[in-house]
Every structure is written in structure tokens, then in C-alpha cells.
Amino acid sequence: MGGVAGGRLAAAVTAAGGLGMIGMGSTATAAALATELALAGPAKFGIGLVDWVIREQPDLLDAALAARPVLLSVSFGDDLSWVERAHAAGILAVTQVYDVETARRAADAGLDLLVARGAEGGGHGETRLATLPLLDAVLDAVTLPVLAAGGIASARSLAAVLAAGAAGAWLGTCLSACPEALTGDGARRALIAAAGTDTITTRVFDVGQRLDWPARFPSRVLRNEFADRWAGREDALAGDRDAGAELAAGIAAEDQRIAPVDAGQGVGMLRDSRPVAVVLDELCAGAQQLLARWG
């Protein structure tokens, strides 16, 4: 949730009974992390980083470790050498996995828990398996606690993954419209108006912004005019300076016809912008009731 999950959202999630994450995305810097850490205040929190970004900016990893979060998440790559440094600092380590192979590799590297991120999830990730089939496979493959991610936006979906054996849920889209999130007003309105069928997976926005995301990690976003225009033409987009300038201007202006808005397939469950505490209370209370009913 880079660009969405800042210090204020992290503090609100923790205050509501979860563990809030400060998400540092592909444009993260150590200075930006410092800003969000100040906004988180004394709350317990985790920090999420992008693998290839910390390899280009090692000071970002240094700053994250120095902040002493409860949990450090690094995903979107194969280098797990950071786990040893996290443990040396007394920090729990987690990463996203997409299949049995990546889950076993992560377990062998000493991760403390895993996030089984299904193809329904918003933002970047591999789109190999849906959340429940992935969760089943990963739980069979490792003995670590596993969090489920992807499309979890209601009490029913939360109860479903808990009943299936997940140790908890890794939430994103359902919190992105909350007033504590960094989400812009235009993007917030777009999220609330969207249906679950309004998302696509694409590399268009990464290519258009000249971001170095590996091709295996497309992004699930709300479909818009810019994505439709350039779908299947990513090679041409990479060399089109005018299109890049148009995208940059659209992002600056929060023009939802052009700018990307990360969203998972659970986006259709968003109805309005409600405080984090209200959203989490509704999810958890409803899930508990369902689990009790199911026995």
C-alpha cells in the first residue's frame, strides 16, 4: 500500500486492534519514511518495503531497521538476505508468497510468517493463484503462520480465510478509502464508486512512469481510459515521452481517467469513507459471529 498506508493509517489500525503497516512503495526514500514514522507516533507498527528498491537505496533498509518496527515486510524479489539483519535487530520478518515454491524458499530462509497473496489483491503481485487455493497450498507446504491477502473486504471473506486456516488477514483495499489513508480525494471517490469487476491487472502505469517493476509483478488497479488506450502497447508506451508526460500530469491533477488507483477485487464492498476503527470493528465482529455460527 505504498502511497496509501502512511503513519497515520498505521497508527489507526494499531489503535483499532490490528498491526498497522507503513507501506513504502517503489518511489520510497529514507526521507519519506522518516515523515511517516513521525506521523505514526508511539504506536506499534510494521514497515513494508520493495525488494528492488532497497537494493537501489540501501539507506532505506537501514532507516527501516533503525526505526525498530514490530514487523518488517520485504517483497517483490528473491533476495532474502535482509531477514538476518531484521532478526539481529529483534524484528519479525515477513514476505509475500504466490505459490508453494516461494513459500518453501521463504520458510527455509527463516521468515517468521508468510503472506499468501492471491491474484485478487490490489497493487503489485504475481497473479498465479486465487487467495483460497493459494492459502490451501501454502498451509500444506509450511508450518509457519500464514496470513491471507487478496479480496478480503467483508466479514464473510475474513471469516472464510480464518476458517480455512489462516492465522490472520493482510488487508489493503478495504482500508484505502478510510480518511486516515493517504489516498487522494479523487481516488477515494473512484474506489467507493467502483464495482468488483472494475479492476484489471496491467503494467501500463509502471511502464508509463518508467518504474523498474519486474514484469512478473503487474499491478491490479481500477480500469480507466489511459489503461485501455495502452493495453497491449507497452513497448510503444515505453518510448513515448508525450504519453509519459500525460500520465505524470494526470497523476498530479488526480485525474482518474488517467491516474492509476490500486484496488483489489474486494473494492466493490466499499460504500463510503469510514474511520479505520469502524471498518475493523465491523469486519472482526461480523467474522466472529459467522465463525461461531459455523461451529
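For the structure itself, consult the block above.
These lines cover the structure that appears in this document, whether it is placed above or below.

About the criteria used
The written sequence of each chain sets the order in which its residues are numbered from 1. In view of the model being predicted, local features appear only for residues whose pLDDT reaches at least 70, and side-chain atom pairs are presented and counted only at 80 or more, with totals across whole chains, interfaces and linings using the full set of residues. Computation of side-chain values covers all heavy atoms of the structure but excludes hydrogens and water. DSSP-based pairing: two strands are paired if at least 2 bridges between them are found. Secondary structure elements are defined from DSSP: runs of H or I of at least 4 residues count as helices, runs of E of at least 2 residues count as strands, and each element is numbered from the N terminus. Among buried residues, those of type Ala, Val, Leu, Ile, Met, Phe, Trp, Tyr and Cys that are joined through side-chain atoms within 4.5 Å constitute a nonpolar core. Burial here depends on accessible area, computed with a 1.4 Å probe over protein chains only, as a share of the maximum for the residue type. Under 20% is buried, over 50% is exposed, and the range in between is partly exposed. In what follows, a contact means two residues having at least one pair of non-hydrogen atoms within 4.5 Å. Put simply, a patch holds well-exposed residues, over 30% relative accessible area, that have no salt bridge, with like charges counted together within 9 Å and Val, Leu, Ile, Met, Phe, Trp or Tyr side chains within 5 Å. Accessible surface is estimated by sampling points in the Shrake-Rupley manner with a 1.4 Å probe; for residues, cover comes only from the protein chains shown. Within this document, salt bridges are pairs made up of a side-chain nitrogen of Lys or Arg and a carboxyl oxygen of Asp or Glu, the two lying within 4 Å of each other. Helix axes are fitted to C-alpha atoms over the stretch in contact, other axes to C-alpha atoms as well, and angles between N-to-C directions run from 0 to 180 degrees. As used here, the arc belongs to the directions running from the helix axis to the C-beta atoms.

## Quick word on the sheet that holds strand E6 (residues 123–124)
Strand order in the open sheet formed by three strands is E6-E10-E9, with antiparallel pairing between adjacent strands. Two strands in the sheet have a free side with no partner beyond their single neighbour: E6 and strand E9 (199–202). Bridge analysis of E6 against strand E10 (residues 219–222) gives two bridges, and the strand direction is antiparallel. Residue glycine 123 lies in a different strand from E10, and its bridge partner there is arginine 220.

## Looking at the nonpolar core
Of all hydrophobic cores here, the largest spans 63 residues; its most connected members are Ile47, Leu49, Leu72, Trp82, Leu111, Leu114 and Val138. Top contributing element to this core by residue count: helix H15 (residues 276–294), with six residues. The contact partners of valine 138, leaving out residues within four places of it in the chain, are Val97, Asp99, Ala103, Leu114, Ala116 and Val146. Val204, Ala227, Ala243 and Leu247 belong to the second-largest nonpolar core, a separate cluster that totals eleven residues.

## Observations concerning a nonpolar patch on the surface
Judged by side-chain polarity, Leu19, Val70 and Leu92 come together as a nonpolar surface patch covering roughly 210 Å² of accessible area. If you trace the backbone, leucine 19 turns up in the loop between helix H1 (7–15) and strand E1 (20–23). Residue class for leucine 19 comes out partly exposed when judged on its relative accessible area of 34%.

## Observations regarding the sheet that holds strand E2 (residues 45–50)
Taken together, seven strands build an open sheet; the order of strands is E1-E2-E3-E4-E5-E7-E8 and the sheet is parallel. At either margin of the open sheet sits one strand with a lone partner, and together these are E1 and strand E8 (168–170). In this sheet, adjacent strand axes meet at a mean angle of 30° when their direction is disregarded. Two strands pair when backbone bridges link them, and E1 and E2 are joined in this way by four bridges, in the parallel orientation.

## Some points on helix H2 (residues 30–40)
Along H2, the residues that are buried comprise Ala30, Leu33, Glu36 and Ala40. All buried residues of H2 project into a common sector of 120° when viewed along the axis, lining one side. In H2, the exposed residues that point more than 90 degrees away from the buried face are Ala31, Ala38 and Leu39. The elements touched by buried residues of H2 are H1, E1, E2 and helix H4 (58–66).

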